[in-house]
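What the coordinates show
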Number of protein chains: 2
Amino acid sequence: MAAPALAATFDDEPYYSMGPSTYKVPLRMYAANRAKLVSALKEKSPSLANSIVFLRSGASATRDATDHEPLFRQESYFHYLFGVREPDFAGAVEVSTGRAVLFAPNLPEDYATVMGKIRTRDEWRELYGVDDVMWDEEDVVEEWLAGALKRGDSSLPEKAAGGTGSDSDEAEEKKGGTGEDAPLAKILLLRGINTDSGKTIEQPKFRNECPLSSHFENDSLHDIIAECRVVKSPLELSLLRHATELTSLAHAYTIARTKPGMMEYQSESLFRHYCYYSAGMRHLGYTAICGCGPNGAVLHYGHAGAPNDRQIQEGDMCLFDLGAEYCCYGSDVTCSFPASGTFTDDQRAIYTGVLNAQRAVYSMLKPGVSWVDCHKAAEAAILRSLVEIGIVVSGDKTIEELVEMRLGAVFMPHGLGHFIGIDTHDVGGYLPGHPPRIVRPGLKSLRTSRVLWEGMTITVEPGCYFIDHLLNGALSSTEDSPEGLAQYLDNSILSRFRSFGGVRLEDVVAVTSNGCVNYTLCPRTIDEVEHVKRGGKWPPKKDEALELRRERLCHHAVGRFSGGGSLE
Amino acid sequence: MAAPALAATFDDEPYYSMGPSTYKVPLRMYAANRAKLVSALKEKSPSLANSIVFLRSGASATRDATDHEPLFRQESYFHYLFGVREPDFAGAVEVSTGRAVLFAPNLPEDYATVMGKIRTRDEWRELYGVDDVMWDEEDVVEEWLAGALKRGDSSLPEKAAGGTGSDSDEAEEKKGGTGEDAPLAKILLLRGINTDSGKTIEQPKFRNECPLSSHFENDSLHDIIAECRVVKSPLELSLLRHATELTSLAHAYTIARTKPGMMEYQSESLFRHYCYYSAGMRHLGYTAICGCGPNGAVLHYGHAGAPNDRQIQEGDMCLFDLGAEYCCYGSDVTCSFPASGTFTDDQRAIYTGVLNAQRAVYSMLKPGVSWVDCHKAAEAAILRSLVEIGIVVSGDKTIEELVEMRLGAVFMPHGLGHFIGIDTHDVGGYLPGHPPRIVRPGLKSLRTSRVLWEGMTITVEPGCYFIDHLLNGALSSTEDSPEGLAQYLDNSILSRFRSFGGVRLEDVVAVTSNGCVNYTLCPRTIDEVEHVKRGGKWPPKKDEALELRRERLCHHAVGRFSGGGSLE
Ligand SMILES: NCC(=O)O
Ligand SMILES: NCC(=O)O
Ligand SMILES: [Mn+2]
Ligand SMILES: [Mn+2]
Ligand SMILES: [Mn+2]
Ligand SMILES: [Mn+2]
């Protein structure tokens, strides 16, 4: 199984890091992201070959009307192209030349007192490795864009400028042009719908009535740049592997220290401290989920109204879904374990079903496979273990038939996983040209139904939960669980699990040329989990579960990432 | 010196806490806040006696257009009145009866799968101790408000309803009334300007063209409720004392473990972990500032563009400005110490000046004293130590004359401190009827110029910094530092301090009937700081600096707040 190419960083090239012995992210990564976008635009249509990409960064903000400024984290598309850490920037890429330019806020001298030394344009340019930096003031952006449009036109190969291409997209473009001779050079603005939130990314604003508005085009950039983000580059893969390995070690650290009597939030605090203290990871990718007992059945437990504030009980299963970010690339990993340190028979049975679901997925996951089929394979493994326990009574049906009846969605109401990258739920799940969302229980929650490609990174997160309103629905056959599911459930056994909570196991994997590689290095088998709970060493010397594809579990490669100070 | 009355929580009353052995906040605190507002409205004008206060809570939000939801923290005015932890609520208070009502989002059943069990109206009512809870759907809010207006009218004492009061405010109101008989009952909406951010709090939105809009009044509520928040109740004082004591212990924990060679962010991580792990404090009140060496001179260091990522050097002064929140009430404490553990002569000299500034303030701080005079007393103490070092040459001027020339603002460009409560920079600094902002160097940064009252909580945070552009300005006499300051500076000595950074010492104090009490229990004297750096025990058995008013430093009272698990 060939892993997708990873990439090394060299000490003598410009990079970002959080200091000595933290991970180095070369600025080359962003240059490669921009080059990929430029190629994709040119490939899409010759009429885009003289266009300019223009984006605005995330904006500085305060909480409500106060002066409280939440810690800024860059908007994800802007981070993808430019890697800028500060708010209130803009950026542009000339497609014809690949030149990248940043527009930085021109700060007043007082800023230095409060926020620190004000960088010169040259310092910004060097910091972010772009071709030029200008101050974003008055009409600078508009004037630069006007100049770039002119340069783009003159750099056009005659064929493209003359519009003799045979591509149908281009033919369409010509109709919208100003003259007969050349297509109107475009300023490509980011506008589109995020399919996880349903929210619209609004096109960037310009200061005044912009004289260039006839050149604005907000239809094509979004889908192309989203598609660029779907397949990760070697440097992105290395970074995501790093984020996931550190997240894995932090999970092991937290699991070992979580004991009955502690509060769930204390486990959250242990995890956060490990990530930040030992690896400079200041942000989590999402709100920490540390659910014990029944809280394990609440998929996004841990929010402000349910803030990980239960005291952990001896008999609880704990479900910890925690992932840290480094340089805006995140991880998303879930471990489940018994608070006591030793699995009961029921805990073991449910856990085994979920782990078998991961095994089933890893045995099939490779380029060309449909994610929907992976989801169903995971459901089948879980249903098989529920049959073994006696919760599910298959009767005259095969497991595959029960899957098609969507019985699996009663126990796993979410999708098997999602792309992961700069966003936890990374973009590109439902782009045009790919399979649409399937509107059936469970499947409708899939964040993508695509066929897998080499270089995609995706979470594999099967789960089995006991959620009252879903169980009640299935038992009484309401709309969401069509008449008939009840007969495949044995309520006398099911009732024993009513406050069990749930088990989820979530890994971050990359699709390779002929399979997949699991970046997650967590204790996964029952023996491994009990070993870590007993205070045993992690990672182990020998991998007892090669089918989990944890390629670097025993290479001790992770040691070299640990940060400026050790934590013990 | 009588401390303002603190209040106890009783185990058998409804309270909020983060679980066993964390601090209990009784729901009574919010009831008292509402009662105070009701009294203030009635006192302001009889025409408000039949009005209804209506507010919306903070709204749920995502980062940009993604589905990433930053951890929600309640809008501060809504928290003050209702203590609700979730977004998307509304709340109302009937002034005539004091009845409090919440409007909760009516969540779809699917919400239970993702976010947890959906509470009934009765459960919400009990959770937040209000009189009624309705679902915020369709016209429920509008209908309830219409009913409340009616009830308010009929409950009006005849005199008020008839408008025979002599109060001039009321006379004005009458002109705006609908008829000759009664003033129009009002729905008071929160709208005003936050004087720290300069931003406007916009009045709450209503679903449709609201039929009640003729009753809307957005002129009076803001200043009255802001004024209510300025003087803290006994229960608020207890909570702020708790937040500050825990913050103080976390500082001591962090100082003891911060060593040269570590990264600044590792210290931030230690602080956060202590607060959250041992006391359930999930939020900081503001972005952590852990500046070492020259970074100590950057007032709000630690933001995304300067993320506490310097490696701490042996010779550095460290300036850590860190404060944690509990139940939306925060603290704001700064400690400064030498990374090496032992003060050099220069470090000792600057530190002593700043500590003397605190001493000068505590010796005068009591009801009736102007905060501007406290600021100037702090500046004088700092200038005196700068004279001793030789940086300032007073020549023919007294220290008081140098203060009036604003020389102090070259070294302390910020205000002495600010009100603190639900917001770090708490509201009410420049309300009508109080002294306006003074537009002179340093003083213009004061967040209030008010006269002190018993029950106010305020930070005392003198600092002495070496900020290049301010020093250069003073040395070359630009606009901000009028001609003449240069002659009072000895650049040959000053240059030695160019990369010193700064020292700030920040305490949270409450104004008592005849003085003040310091809630901050940090190592402050040079002996105390060196003792903690050596690994010595904190808090101490004996208070060697009674002039710092740390009333509970040696009472060991703080021990009983430590959380579910100890940290060592
Ligand atoms: N870990 C967040 C999610 O999968 O939705
Ligand atoms: N501690 C934040 C400030 O005083 O501005
Ligand atoms: Mn997850
Ligand atoms: Mn996930
Ligand atoms: Mn502060
Ligand atoms: Mn402060």
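Numbers given to residues run from 1 along each chain, matching the order in which its sequence is written. Lettering of chains starts at A and numbering of ligands starts at 1, both following the order in which they are written. In keeping with the predicted nature of the model, local features appear solely for residues at pLDDT of at least 70, side-chain atom pairs appear and are counted solely at 80 or more, and the whole-chain, interface and lining totals rest on all residues. In computing side-chain properties, one takes all heavy atoms of the structure into account and sets aside hydrogens as well as water.

Moving on, we come to the overall build of chain A. Across its full length, chain A carries 17 helices and 20 strands. Seen along its three principal axes, the alpha-carbon backbone of chain A occupies a region of about 75 × 55 × 50 Å. The buried share among the 568 residues of chain A stands at 61%. What makes two residues a contact is simply this: any of their non-hydrogen atoms within 4.5 Å. In chain A, the share of contacts with a sequence separation of at least 24, taken over all contacts with a separation of at least 6, comes to 72%. Computed with a 1.4 Å probe, the accessible areas rest on the Shrake-Rupley method; for each residue, only the protein chains presented here act as cover. Put simply, chain A shows about 20,900 Å² of open surface, and 50% of that area lies on carbon and sulfur atoms. In chain A, 58 positive and 78 negative side-chain charges are present, and the distance between their average locations comes to 4 Å. Helix and strand definitions here come from DSSP, where helices need a minimum of 4 consecutive H or I residues and strands a minimum of 2 consecutive E residues; each element is numbered from the N-terminal end. When accessible area is computed with a 1.4 Å probe and restricted to protein chains, residues below 20% of their type maximum are described as buried, those above 50% as exposed, and intermediate ones as partly exposed. In this tally Asp and Glu are treated as negative and Lys and Arg as positive; neither His nor the chain ends contributes. Note on charges: their place is set at NZ of Lys, CZ of Arg, CG of Asp or CD of Glu.

Before going further, it helps to spend a moment on the sheet that holds strand β20 (residues 516–518) of chain B. Sheets are built from strands paired through backbone hydrogen bonds, the pairs being either parallel or antiparallel. Residue and element names in this part refer to chain B. Two strands are counted as paired when DSSP detects at least two bridges linking them. A sheet is described by the order of its strands in space; here 3 strands give the open sequence β16-β19-β20, paired in antiparallel fashion. Among the strands making up the open sheet, the edge pair consists of β16 (457–460) and β20. Ignoring which end each strand starts from, the neighbouring axes of this sheet average 35° apart. Every angle, taken between N-to-C directions, lies between 0 and 180 degrees, and every axis is a line fitted to C-alpha atoms, over only the stretch in contact when it is a helix.

Turning to the coordination of the manganese ion (ligand 6), a few remarks are in order. Distances from the manganese ion (ligand 6) to its protein donors, B:D332 (OD), B:H418 (NE2), B:E461 (OE) and B:E506 (OE), fall at 2.1 to 2.2 Å. Because no water is among the atoms considered, metal sites can look incomplete, with donors defined as N, O and S atoms within 2.8 Å of the metal, or 3.2 Å for Na, K and Ca. Motif for the manganese ion (ligand 6), donor spacing along one chain: D-x85-H-x42-E-x44-E.

The subject of this paragraph is the domain arrangement of chain A. All names here are of chain A. Where each domain starts and ends follows an automatic or database-derived domain assignment. Here the domain parsing of chain A yields domain 1 (17–154 + 184–228) and domain 2 (231–548). Computed from C-alpha atoms alone, the centre-to-centre distance between domain 1 and domain 2 is 35 Å. Taken together, the contact pairs 26 residues of domain 1 with 31 residues of domain 2. Note on definitions: buried area is the accessible-area loss of two parts on being combined, 1.4 Å probe, summed for both. Between domain 1 and domain 2, roughly 2,500 Å² of surface is buried when both sides are summed, and carbon and sulfur atoms account for 58% of that area. When residues of domain 1 are sorted by the area they lose upon contact with domain 2, Y23, R73 and D196 head the list and together hold 26% of the total. Salt bridges are counted wherever a side-chain nitrogen of Lys or Arg sits within 4 Å of a carboxyl oxygen of Asp or Glu. The tally of links between domain 1 and domain 2 comes to 3 salt bridges. Note that R447 and D196 form a salt bridge whose closest N and O atoms lie 2.9 Å from each other. Residues adjacent in sequence count toward polar contacts only when both atoms are side-chain atoms; beyond that, a polar contact is any pair of N or O atoms within 3.5 Å, and within protein one must be able to donate a hydrogen and the other to accept it. The interface formed by domain 1 and domain 2 contains 15 residue pairs in polar contact (both at pLDDT 80 or more). For the side of domain 1 that touches domain 2, the elements supplying multiple residues, two or more each, are β2 (25–26), α1 (28–44), α2 (76–82) and α8 (221–230).

All names here are of chain A. All residues adjacent to ligand 1 are Y286, H300, D321, D332, H418, H425 and E461. Here a nitrogen atom of ligand 1 and a side-chain polar atom of D332 are 3.0 Å apart. Contacts to ligand 1 include H418, whose side-chain N or O atom sits 3.4 Å from an oxygen atom. To be near a molecule or strand, a residue needs just one of its heavy atoms within 4 Å of it.

This brings us to the relation of the copies chain A and chain B. When chain A is fitted to chain B, the residual RMSD is 0.0 Å, and the transformation amounts to a turn of 180° plus an axial shift of 0.0 Å. Read as a symmetry element, the transformation amounts to a two-fold axis. Using C-alpha coordinates, one finds that chain A approaches the rotation axis most closely at A:H273, a distance of 3.0 Å. Interface overlap between copies is the fraction of interface residues in one copy that are interface residues in the other; for chain A against chain B it reaches 100%, indicating a shared surface. In superposing the copies, a least-squares fit is computed on C-alpha atoms, taking residues whose pLDDT is at least 70 in both.

A word on the site of ligand 2. All names here are of chain B. If you check the shell around ligand 2, you find Y286, H300, D321, D332, H418, H425 and E461 and nothing else. In the model, a nitrogen atom of ligand 2 is placed 3.0 Å from a nitrogen or oxygen of the D332 side chain. For ligand 2, an oxygen atom lies 2.8 Å from a polar atom in the side chain of H425. Here ligand 2, which alone exposes 200 Å², has 91% of that area covered by the protein. Counted by class, the shell around ligand 2 contains 1 nonpolar, 3 polar and 3 charged residues. Asp, Glu, Lys and Arg are counted as charged, while Ala, Val, Leu, Ile, Met, Phe, Trp, Tyr, Cys and Pro are counted as nonpolar; the rest, among them Gly, fall into the polar class.

The next subject is the interface of chain A and chain B. Listed as interface residues are 75 residues of chain A and, on the opposing side, 75 residues of chain B. Roughly 5,900 Å² is buried in total at the junction of chain A and chain B, and carbon and sulfur atoms are behind 53% of that figure. Counting across the chain A and chain B interface gives 6 salt bridges. With its nearest N and O atoms 3.1 Å apart, the salt bridge here joins B:E268 to A:R282. The tally of links from chain A across to chain B stands at 30 residue pairs in polar contact (both at pLDDT 80 or more).

The next thing to look at is the confidence of the model for chain A. In regions of low pLDDT, the predicted coordinates are not meant to be interpreted in detail. Residues and elements named next belong to chain A. Overall, the predicted model of chain A reaches an average pLDDT of 92, with 91% of residues at or above 70. Along the chain, pLDDT gives the predictor's confidence residue by residue, from 0 to 100. Segment residues 158–180 is flagged for pLDDT under 50; beyond a separation of four residues in sequence, or across chains, it makes 27 contacts in the model. The low-confidence segment residues 560–565 (pLDDT under 50) makes 19 contacts with residues lying over four places distant or belonging to another chain. Scored by ipTM, the complex comes to 0.94, with pTM at 0.94.

A word on the coordination of the manganese ion (ligand 4). Residues and elements named next belong to chain A. Around the manganese ion (ligand 4), the protein contributes the donor atoms D332 (OD), H418 (NE2), E461 (OE) and E506 (OE), which lie 2.1 to 2.2 Å from the metal centre. Along the chain, the residues donating to the manganese ion (ligand 4) are arranged with the sequence spacing D-x85-H-x42-E-x44-E. Taken as a pair, the manganese ion (ligand 4) and the manganese ion (ligand 3) lie 3.2 Å from each other and share D332 as a ligand. Here D332 is found in the loop between β14 (329–330) and β15 (333–338), whereas its partner H418 is found in the loop between α14 (408–411) and β16 (457–460), with 86 residues between them in sequence. In this structure, D332 and H418 share a single accessibility class: buried.

Our next topic: the pairing of strand β19 (residues 507–511) of chain B. Where a strand is regular, its side chains alternate between the two sheet faces. Residues and elements named next belong to chain B. In terms of burial, β19 is a largely internal element, 5 of the 5 residues being buried. Neither face of β19 is left uncovered, since the one carrying D507, V509 and V511 and the one carrying V508 and A510 both have all their residues buried. Sheet topology note: the β16/β19 ladder contains 4 bridges and is antiparallel. Its bridge partner being in β19, T457 is matched across the sheet by A510. Relative to β20, β19 runs antiparallel, the two sharing 3 bridges. Looking at β20, one finds that V511 is bridged to C516. The turn joining β19 and β20, which pair antiparallel and follow one another in sequence, is formed by 4 residues.

What follows deals with the packing of α1(A) against helix α9 (residues 234–257) of chain A. Axes are the key here: two packed helices are described by the angle between their axes and the distance separating the axes. Residues and elements named next belong to chain A. Two numbers describe how α1 lies on α9: the axes approach to 9 Å, and their chain directions differ by 130°. Classified by the interaxial angle, the pair formed by α1 and α9 is oblique. In this structure, α1 contributes R28, M29 and N33 to the contact, and α9 contributes L235, E236 and L239. By the definition adopted for this analysis, an angle is roughly parallel if under 35 degrees, roughly antiparallel if over 145, roughly perpendicular if from 65 to 115, and oblique otherwise.

Applying the stated criterion across every chain, the model contains 66 salt bridges over all chains. Across the salt bridge formed by B:D122 and B:R125, the nearest N and O atoms sit 3.0 Å from each other. Of this pair, B:D122 and B:R125 are both found in helix α4 (residues 121–128), 3 residues apart, which corresponds to roughly one turn of the helix. Relative accessible area serves as the criterion here: at 48%, B:D122 is assigned to the partly exposed category. The class of B:R125 is partly exposed, set by a relative accessible area of 31%. Linked by salt bridges that have partners in common, A:R63, B:R229, B:K232, B:D423 and B:D426 make up one network.

Let's shift gears to α8(A). Along α8(A), 8 of the 10 residues are buried, which leaves the element largely enclosed by surrounding structure. Within α8(A), burial applies to A:L221, A:H222, A:I224, A:I225, A:A226, A:C228, A:R229 and A:V230.

This next bit is on the sheet that holds β16(A). All names here are of chain A. Taken together, the 3 strands give an open sheet; going across it, the order is β16-β19-β20, and neighbouring strands pair in antiparallel fashion. At either end of the open sheet lies a strand with only one pairing partner, and these are β16 and β20 (516–518). The mean angle between the axes of side-by-side strands here comes to 35°, regardless of whether they run parallel or antiparallel.

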